[in-house]
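# Observations on the three-dimensional arrangement
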Amino acid sequence: MTAAPARAGKVRRTTSGTVLSVRDLHVRFPSEAGPVKAVRGLSFDLAAGESMAVVGESGSGKSVTSLAIMGLLPSTAKITGSVTLHGEELLNRNDESMSKLRGDSISMIFQDPLSALTPVYSIGDQIVEAIQVHYEVPAEAARKRAIELLDLVGIPNPDVRVRSFPHEFSGGMRQRAMIAMAIANDPDVIIADEPTTALDVTIQAQVLEVLKKAQRETGAALIMITHDLGVVAGIADRVTVMYAGRPIEQGSVDDIFYRPRMPYTIGLLGAIPRLDATKKEALATLEGNPPSVVNLPPGCPFEPRCPMSTPACLTDEPPLTPTDHPNHYAACIYSGKIAADNLGYADIFPAPTITPSPLERQRRDQRETVLHLEGMKRHYPLMKGAIFRRRVGTVYAVDGIDLEIKEGETLGLVGESGCGKTSTLLEVLNLKPPTGGRIVVLGKSVEKLRGKERKHMRRDLQVVFQDPMASLDPRMPVFDLIAEPMGVFNYSKSDIAKRVNELLSLVGLEPGHANRYPQQFSGGQRQRIGIARALALEPKLIVLDEPVSALDVSIQAGVINLLDELKTKLSLSYLFVAHDLAVIRHIADRVAVMYLGKIVEIGEVHEVYEHPTHPYTQALLSAIPIADPEKERTRARIILTGDLPSPANPPSGCKFRTRCQKFPTLTSEQQAACIDVVPDLYDVRGGVDHNSACHYNEEVPVV
């Protein structure tokens, strides 16, 4: 990978000192209820080469801030304050004037690259346009620059892929192409708005490395907008924490992570599942929701959710004031008490103790098996032709896996998108014979189930989906949504009414809100409704498909704690699918790592995480950021190259060998074994529940 030089003749106006200065920024939008105060009094300075992260829950004003700086807000928005770039005011400029700066002096990387890229133009043409719209550069020179940029951001065969269209790139490649476009003119400021939210952890690691390299190559200042505090720990120099449209804590990354002085910041840090956790504890939860920024009551906006609140918090909104460390500011009247008493999240946000269920105190081999997959396969025909269709191949979605879940146990299923996780779930939920192998649910083989037996089995097998809004009928009130499965099984009306109230209380919702509709609840509350619906028929096994991936970290913590509590109370078993290995470490007892339809490593969570032996598991664990700046500075990253191969044309032998970081270091004789022989799951720890499918298993600690 070669470095793309800065554009010839480009002279950086600011090589040190302040590049971007924001002073008392306010953004308001009109609404029927009154003005929406989206941003309220944000100020910061950004120096050349510096990285600043802006964090907070959804609706805190992060993205509105970035759009205000870029001049991309609608004309109805009222913006006051000051935003200066190289000392020149940006606010109140017309679109023509801002267009001369956007993409040249200041650029932006958007959250969804597929929406940000024009689908009818090639990637190369769009980068060329970004260069030529600002400078008179010959087409040949601009295309050469585009190829250099694609090479810089790690696009393979850039001279060929420069002619590709956005839909021909994977999600990670599209995001890298967006970064290439953003740095095409050597900008002074780069704003990255949630650039890794929708990506797999391995692709996220690639994109973050590319972003760091792009910043080094250009010397640009970087604003990283994200809700992932692990990403913040690894990339930021300074952090601004926002709540209800205003900054409530600002300081260096070490100040924010090691010496937080605002309860909200402390709660966010305590709500994160930690990949490096050695003890299973309940997460800190921020009860309630952020306030509406239309008519804010007097006092601290965080007061209704703050365990430290007193009547003094209800009078005036506290300003940002200096703390006990230089250049560290917090908007809390008790920041001095937090510093003096060295209060952490366990002191401010007391979490419930996780008590193991009686089942968990039994030996695993003494418990009933609720799900058993034996050599399970799901293959799909690959067809071609519109009129005369013919089979031209096979998609090996799941290619022979063995799994076992015991009563009261949680099995985490992890891997990149396309590895076969969802296909495995669908096979279990269908309760029908797979392409090959066996599926046994609660001691009954699904191939022997018939109509009534299959219907009865569905009482014991329920599912919670990733997107609660998509899985709940918006036309039905919550009572009917939860009652529907009970009606199918002929519960009496009195029993249904009693059970719905019990379930709402069980998942932490008000029974009195049963007549409301899903759209009247927050995302975390909707997910709790989905969980209540899944529990309605008292199931024994619940399948959870990425149940917390779409939630803010504070809401995610509450749902994870709830699932832990329900598992203990009701002796439930979970099949938990996720791409976030930190969540899996917190909630699962055992973990199975999938790659291209195969399980490559499986065992008890602490064994697999502390003693990973398969190169793919090591790469996955390495890719997960840890919310600890010191650890992030010293960790060695394993960056996988390339994308997941097609399941319709998997590699021979070991399916991971085409991306394996260990494969190039092997001798030609050892490589031949990887190419020709499919590895079995070997017992790697001798008598410990831990198996790995690698010919050359070797433990490499990465957490």
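Scroll up to find the structure.
With that out of the way, let us pick up the nonpolar core. With 150 residues, the main nonpolar core has Ile-127, Phe-257, Tyr-264, Phe-302, Ile-531 and Tyr-609 as its most contacted residues. The next biggest cluster of nonpolar side chains, apart from the first, holds 32 residues, and it includes Val-27, Ala-77, Val-83 and Leu-101.

Our next topic: the packing of aromatic side chains. Enumeration over the complete set of coordinates arrives at six aromatic pairs. With centroids separated by 5.3 Å and ring planes inclined at 65 degrees, the aromatic side chains of Tyr-264 and Phe-302 adopt a geometry described as edge-to-face. Within this pair, whereas Tyr-264 is found in helix α11 (residues 263-270), its partner Phe-302 is found in the loop between α11 and β11 (321-322), the two being separated by 38 residues in sequence. With respect to burial, Tyr-264 and Phe-302 carry one shared label: buried. Taken together, a centroid distance of 5.1 Å and an interplanar angle of 85 degrees make the contact between Tyr-595 and Phe-656 edge-to-face. Linking Tyr-595 in strand β21 (residues 590-595) with Phe-656 in the loop between α24 (629-634) and α25 (668-676), this pair joins segments that are 61 residues apart in sequence. An aromatic cluster is built from Tyr-243, Tyr-264 and Phe-302, whose rings are joined through pairwise contacts. Above the plane of the ring of Tyr-380 lies Arg-378, whose end atom (NZ or CZ) is 5.7 Å from the centre.

So, about helix α23 (residues 615-623). Most of α23 is tucked away, with nine of its nine residues classed as buried. Taken together, the buried positions of α23 are occupied by Pro-615, Tyr-616, Thr-617, Gln-618, Ala-619, Leu-620, Leu-621, Ser-622 and Ala-623. Tucked inside the fold, the buried residues of α23 contact α8 (201-218), α21 (581-587), β21, β22 (598-604) and α22 (605-610).

This next bit is on the side chain of Glu-194. Inspection of the secondary structure assignment puts Glu-194 in the loop between β7 (189-193) and α8. One buried charged side chain, Glu-194, makes no salt bridge at all; its nearest oppositely charged neighbour is Lys-62, positioned 4.6 Å away. In this view, Glu-194 contacts Lys-62, Gln-111, Ile-225, Thr-226 and His-227; residues no more than four positions away in its chain are not counted.

Turning to the sheet that holds strand β5 (residues 88-89), a few remarks are in order. Read from one edge of the open sheet, four strands run β2-β1-β4-β5, paired in antiparallel fashion. Looking at which strands have only one partner, the edges of the open sheet turn out to be β2 (36-47) and β5. Lying on the sheet, helix α1 (residues 62-70) is in contact with β1 (18-29), β2 and β4 (78-85); it crosses β1 at an angle near 115 degrees.

Further remarks concern the pairing of strand β13 (residues 369-384). Pairing of β13 with strand β14 (residues 390-406), which is carried by 13 bridges, proceeds in the antiparallel orientation. Counted as the bridge partner of Pro-381 is Thr-394 from β14.

Where empty space is left becomes clear once a probe the size of a water molecule has been rolled over the atoms. Evaluated as defined, the whole model comprises six cavities of 30 Å³ or more. By volume, the largest cavity amounts to about 110 Å³. Here the lining of the largest cavity is built from residues that sort into 12 nonpolar, one polar and two charged. Each pocket or cavity is described by its volume, and for the second largest cavity that value is around 90 Å³.

Let us now look at the sheet that holds strand β12 (residues 329-330). One open sheet accounts for eight strands, arranged β6-β7-β8-β3-β9-β10-β12-β11; its pairing is mixed. Only two strands of the sheet have a single partner each, and these edge strands are β6 (106-109) and β11. Here strand β3 (residues 51-55) runs beside strand β8 (residues 221-225); their pairing, made up of four bridges, is parallel. The partner of Ser-51 across the bridge, within β8, is Leu-222. Contacts from α1 reach β3, β6, β7, β8 and β9 (238-243), with the element oriented near 145 degrees to β6. Packed onto the sheet, α11 meets β9 and β10 (246-252) and runs at close to 105 degrees relative to β9.

Conventions adopted
- Residues numbered from 1 in each chain as written.
- Predicted model: local features only at pLDDT ≥ 70, side-chain atom pairs only at ≥ 80, totals over all residues.
- Heavy atoms only, no water.
- Core = buried A, V, L, I, M, F, W, Y, C linked by side-chain atoms within 4.5 Å.
- Buried < 20%, exposed > 50% of the residue type's maximum accessible area, 1.4 Å probe, protein only.
- Phe/Tyr/Trp six-rings, centres within 6.5 Å; stacked < 30°, edge-to-face > 60°.
- Helix = DSSP H or I, 4+ residues; strand = E, 2+ residues; numbered from the N terminus.
- Lys NZ or Arg CZ within 6 Å of the ring centre and 35° of its normal.
- Contact = heavy atoms within 4.5 Å.
- Lys, Arg positive; Asp, Glu negative; His and termini not counted.
- Salt bridge = Lys/Arg side-chain N within 4 Å of Asp/Glu carboxyl O.
- Pairing = 2+ DSSP bridges.
- Axes fitted to C-alpha atoms, helices over the stretch in contact; angles between N-to-C directions.
- 1 Å grid on protein atoms, 1.4 Å probe; cavity = no way out; pocket = protein on both sides within 12 Å on 5 of 7 lines; lining within 4 Å.
- Points joined across faces, edges and corners; volume = space filled by probe spheres on them.
- Nonpolar A, V, L, I, M, F, W, Y, C, P; charged D, E, K, R; others polar.

It is worth stressing that arrangement in space is one thing and function is another; only the former is reported here.
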